[in-house]
Amino acid sequence: MTALPASVDRLDHRIVFAIMAIREALGCTIHEATDVFAARYEELRRDRPDDFTVAPEEYGRGFYS
């Protein structure tokens, strides 16, 4: 995946801020940034399971894209 700011990997339920950082870093649309965020979330969930103890459906509760 393209290099993203370190702040994106410190998601901590701050989805909007992560998407904003992705848009700034990649110069992409909101829709593209949402896709990048989703892919990165899955990577981090796979690679750092101890940091992601909340299920995906619970993690994004209240965020509608």
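Just so you know, these numbers come straight off a predicted model, no measurement behind them.

(A) View of helix H3 (residues 30-47). For H3, which comprises 18 residues, the first-to-last C-alpha distance of 25 Å matches the rise-based estimate of 26 Å (1.5 Å per residue) to within 8%. Along H3, the residues that are buried comprise Ala33, Thr34, Val36, Phe37, Arg40, Tyr41, Glu43 and Leu44.

(B) Summary view of the nonpolar core. In terms of nonpolar packing, the biggest core is built from 11 residues, these being Leu4, Val8, Ile15, Ala18, Ile19, Ala21, Ile22, Cys28, Ala33, Val36 and Phe37. Of all the secondary structure elements, the ones that give two or more residues to this core are helix H2 (15-26) and H3. Of the residues forming this core, the biggest block, 5 residues, is contributed by H2.

(C) Region of the structure containing the environment of Ser7. Counting through the fold element by element, Ser7 comes out in helix H1 (residues 6-9). The class of Ser7 is partly exposed, set by a relative accessible area of 36%. The spacing of Ser7 and Ala18 is 11 residues in sequence and 7.0 Å in space, taken between C-alpha atoms.

Reading the values: the criteria
- Residues numbered from 1 in each chain as written.
- Predicted model: local features only at pLDDT ≥ 70, side-chain atom pairs only at ≥ 80, totals over all residues.
- Heavy atoms only, no water.
- Helix = DSSP H or I, 4+ residues; strand = E, 2+ residues; numbered from the N terminus.
- Expected span 1.5 Å × (residues − 1).
- Buried < 20%, exposed > 50% of the residue type's maximum accessible area, 1.4 Å probe, protein only.
- Core = buried A, V, L, I, M, F, W, Y, C linked by side-chain atoms within 4.5 Å.

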